[in-house]
4 protein chains.
Amino acid sequence: MPHTLLDTKALEDVLKKFADARDWQQFHSPKNLAMALTGEVGELVEIFQWRTEEESWLVAQAPETAQHVRQELADVALYLIRLASVLKVDLNAAIQDKLVINAKKYPPL
Amino acid sequence: MPHTLLDTKALEDVLKKFADARDWQQFHSPKNLAMALTGEVGELVEIFQWRTEEESWLVAQAPETAQHVRQELADVALYLIRLASVLKVDLNAAIQDKLVINAKKYPPL
Amino acid sequence: MPHTLLDTKALEDVLKKFADARDWQQFHSPKNLAMALTGEVGELVEIFQWRTEEESWLVAQAPETAQHVRQELADVALYLIRLASVLKVDLNAAIQDKLVINAKKYPPL
Amino acid sequence: MPHTLLDTKALEDVLKKFADARDWQQFHSPKNLAMALTGEVGELVEIFQWRTEEESWLVAQAPETAQHVRQELADVALYLIRLASVLKVDLNAAIQDKLVINAKKYPPL
């Protein structure tokens, strides 16, 4: 595995500056960010809820959902990276460790 | 803003190989992955639910939660990146576009 | 404990008729309803995400959130009851059994 | 429509006594209960995530999931009723109002 699977540094910096410039640090506790992440995942799931699995493959191409799904995926990513950042969790290292655990738990066929 | 805020390519490749080696493509429809993402966010939120905002700052340091929160953050990241990947959404581009929208919607102070 | 803690019969009937009258049975698989439940919980959580615990006590009284929180609580209830209904789960019995389990797991002080 | 679609009074009383007997009022802020609700919905969704819509009809009958899904449905119900209760929201009235709104928004065929 490469040393870095997901480099979040640049985005963490942008998000910190974005929050600082709006005086949002007071709202960005880990507890609150975990809730915000939940809310965004809820909005993402709503795109899929009445679609079949087969239809779900098309949501990023279909004109009526393409922009929406991109925006909701982005929102989830933004809150996830921000949450890891305020918790001072190295998300890349956490991912690497979890992949090792998963590979042991679910051996390849 | 730098051209790349979040480079997901290396992780997308690892996750694709991981799924292929276990014959998991059949399960990894966007609809199913959105549900799996929900489940993992639920597990992450459970860490915070009975903690105050103040206590929530400590979960990544406190010995009884440090590993757990790292693992749940990783799980959320893994399903998010995998979902964007199977949808063929360029998550970096989606993030950049969403940040522009957010900056207009919430001007700095 | 009284024999019936939560009588869902009347609401189940109303929801079934509501779905039938709109030809929604085709969408109301348990999988889809579980997703819809998630989406509604996400909307409910959004009301609380930037509020402190103390502020959260006031959301059902504060004019800017009172109607919203009532509607989201209702939406969550509607999908939960509908999901239990299509699964033919007796929610009252399930609740009674779970309360016995919880009482054993968490003895009173 | 009958006057009462969902009578939550008996369950609210049981849940209040349950919390009081364990000194849990300190944890049961609306914000925290909304998070706990999220966590339980996440556990419920996990039952469905890798199952097809067709398979999802069977989870309450299949021996490997029947008890699990009943328990998770109960957990979601318990936190939902408790949340409405601490917010002093009349869930039955909220449901009746929401059904009127829904009927206008989605007229029958």
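Rules used throughout
Residue numbers run consecutively from 1 along every chain, following the written order of its sequence. Chains and ligands are labelled sequentially in the order written, the chains with letters from A and the ligands with numbers from 1. Selection of residues for local features in this predicted model requires a pLDDT of at least 70, selection of side-chain atom pairs for listing and counting requires 80 or more, and totals for whole chains, interfaces and linings are taken over all residues. Hydrogens and waters are ignored; side-chain quantities use all the structure's heavy atoms. Copies are brought into register by a least-squares superposition over C-alpha atoms of residues with pLDDT of at least 70 in both. The term salt bridge refers to a pairing of a side-chain nitrogen on Lys or Arg with a carboxyl oxygen on Asp or Glu at a separation within 4 Å. Helix and strand labels come from DSSP, where a helix needs a run of H or I of at least four residues and a strand needs a run of E of at least two; each type is numbered from the N terminus. Using a 1.4 Å probe on the protein chains alone, a residue whose accessible area is under 20% of its type maximum counts as buried, one over 50% counts as exposed, and one in between counts as partly exposed. Residue contacts follow a heavy-atom distance rule, with two residues in contact if any of their heavy atoms lie within 4.5 Å. Throughout, the accessible surface (probe 1.4 Å) given up by two parts as they are put together, summed over both, is called the buried area. Side-chain atoms alone can form a polar contact between residues adjacent in sequence; in general such a contact is a pair of N or O atoms within 3.5 Å, and within protein one must be able to donate a hydrogen while the other accepts it. Amino acid classes used here: Ala, Val, Leu, Ile, Met, Phe, Trp, Tyr, Cys and Pro are nonpolar; Asp, Glu, Lys and Arg are charged; the rest, including Gly, are polar. In this scheme, a helix's expected span is set at 1.5 Å multiplied by one less than its residue total. Arc definition: directions from the helix axis to the C-beta atoms. In this description, a line fitted to the C-alpha atoms serves as the axis of each element, helices being fitted only across the stretch in contact, and the angle between N-to-C directions of two axes falls anywhere from 0 to 180 degrees. Every angle not falling under 35 degrees, over 145, or within 65 to 115 is termed oblique; those three ranges are roughly parallel, roughly antiparallel and roughly perpendicular. Ring pairs are drawn from Phe, Tyr and Trp, using the six-membered ring of Trp, whenever the two centres fall within 6.5 Å, and their geometry is named by plane angle: stacked under 30 degrees, edge-to-face over 60, tilted for the rest. Two conditions define a charge sitting above a ring: the NZ of Lys or the CZ of Arg must be within 6 Å of the ring centre, and it must be within 35 degrees of the ring normal.

Chain A has the name Nucleotide pyrophosphohydrolase in an unreviewed UniProt entry, where Herminiimonas arsenicoxydans is given as its organism.

A. Quick peek at the relation of the copies chain B and chain A. By a simple turn and slide, chain B fits onto chain A: the slide is 0.0 Å along the axis, the RMSD is 0.0 Å, and the turn is 180 degrees. Expressed as a symmetry operation, the mapping of one chain copy onto the other fits a two-fold axis. Residue B:Asp7 of chain B places its C-alpha closer to the rotation axis than any other residue of that unit, at 3.2 Å.

B. Just the pattern of salt bridges, in detail. Residue and element names in this part refer to chain A. Tallied over the entire structure, the rule returns 16 salt bridges over all chains. Residues Asp-13 and Lys-9 are paired through a salt bridge, measuring 2.8 Å at the closest nitrogen-oxygen approach. Of the two residues, Asp-13 and Lys-9 both sit in helix H1 (residues 9-21), 4 residues apart, roughly one turn of that helix. Residue Asp-13 is classed as partly exposed on the basis of its relative accessible area, which comes to 34%.

C. Structural view of the interface of chain A and chain D. Facing the 8 residues of chain A at the interface are 8 residues of chain D. The junction of chain A with chain D conceals about 550 Å² of combined surface from both sides, 61% of it contributed by carbon and sulfur atoms. The three residues of chain A that bury the most area against chain D are A:Lys31, A:Met35 and A:Glu53, which together make up 67% of that side's buried surface. At the junction of chain A and chain D, the tally comes to 0 salt bridges. Where chain A packs against chain D, one counts 2 residue pairs in polar contact (both at pLDDT 80 or more). Ranked by residue count, the leading element in the side of chain A that touches chain D is helix H2 (residues 30-48) of chain A, at 5 residues. Looking at the side of chain A that touches chain D, its residues break down into 2 nonpolar, 3 polar and 3 charged.

D. Expanded view of the environment of D:Tyr79. When you line up the elements, D:Tyr79 lands in helix H4 (residues 66-86). In the structure, D:Tyr79 is positioned 48 residues away from D:Lys31 in sequence and 12 Å away in space, judged by C-alpha atoms. Setting aside its immediate chain neighbours within four residues, D:Tyr79 contacts B:Trp50, D:Leu33, D:Ala36, D:Leu37 and D:Glu40.

E. Main features of H1(A). Over its 13 residues, H1(A) extends 18 Å from the first C-alpha to the last, a length consistent with the 18 Å expected when each residue adds 1.5 Å. Three or more residues of H1(A) are buried, namely A:Leu11, A:Val14, A:Leu15, A:Phe18 and A:Ala19. The buried residues of H1(A) occupy one face: seen down the axis, they fall within an arc of 130 degrees. What points out from H1(A), more than 90 degrees from its buried face, is the exposed set A:Lys9 and A:Lys17. As for H1(A), its buried residues are in contact with helix H4 (66-86) of chain A together with helix H5 (91-105) of chain B. A:Asp23 sits one or two positions beyond H1(A) and adopts a positive phi of about 60 degrees.

F. Layout of the environment of D:Ala94. Of note, D:Ala94 is situated in helix H5 (residues 91-105). Each C-alpha atom, one on D:Ala94 and one on D:Pro63, is 36 Å from the other, the two residues being 31 residues apart in sequence. Those residues in contact with D:Ala94 that sit more than four places away from it in its chain are C:Arg70, C:Ala74 and D:Val89.

G. Representation of unusual backbone geometry within the structure. Positioned with a positive phi, A:Asp23 is a non-glycine residue whose angle comes to about 60 degrees. Relative to the assigned elements, A:Asp23 resides in the loop between H1 and H2. A:Asp23 gets classed as partly exposed once you look at its relative accessible area, which sits at 39%. Unusually for a residue other than glycine, C:Lys88 sits at a positive phi of about 55 degrees. Within the secondary structure, C:Lys88 is located in the loop between helix H4 (66-86) and helix H5 (91-105). C:Lys88 sits in the exposed class, given a relative accessible area of 71%.

H. Fine view of the interface of chain B and chain A. Listed by partner, the interface residues are 68 residues for chain B and 68 residues for chain A. Note on chain B versus chain A: buried area summed over both sides is about 5,500 Å², and carbon and sulfur give 73% of it. The interface formed by chain B and chain A includes 4 salt bridges. A salt bridge links B:Arg70 to A:Asp97, with the shortest nitrogen-to-oxygen separation between them at 3.2 Å. Where chain B meets chain A, there are 20 residue pairs in polar contact (both at pLDDT 80 or more). Secondary-structure elements contributing two or more residues to the side of chain B that touches chain A are helix H1 (9-21), helix H2 (30-48), helix H3 (53-56), helix H4 (66-86) and H5 of chain B. Top contributing element to the side of chain B that touches chain A by residue count: H4(B), with 14 residues. Among the residues forming the side of chain B that touches chain A, the class breakdown is 45 nonpolar, 12 polar and 11 charged.

I. How the structure looks around the packing of H5(C) against helix H1 (residues 9-21) of chain D. At a minimum axis distance of 12 Å, the contact between H5(C) and H1(D) shows a crossing angle of 5 degrees. By the angle between their axes, H5(C) is roughly parallel relative to H1(D). Contacts between H5(C) and H1(D) pair C:Ile95, C:Leu99, C:Asn102 and C:Ala103 from the former with D:Leu11, D:Val14, D:Leu15 and D:Phe18 from the latter. Within the contact of H5(C) with H1(D), the residues separate by chemical class into 7 nonpolar, 1 polar and no charged.

J. The packing of aromatic side chains, seen in detail. Going through the model one piece at a time under the given rule, you end up with 12 aromatic pairs over all chains. Relative to D:Trp24, the ring of D:Phe18 has its centre 5.8 Å away and its plane inclined at 50 degrees; by these criteria the two rings are tilted. Residue class for D:Phe18 comes out buried when judged on its relative accessible area of 14%. Through a chain of ring-to-ring contacts, three or more aromatic side chains come together here, namely A:Phe18, A:Trp24 and B:Tyr106. Directly above the ring of A:Phe18 sits A:Arg22, whose terminal nitrogen or CZ lies 3.5 Å from the centroid.

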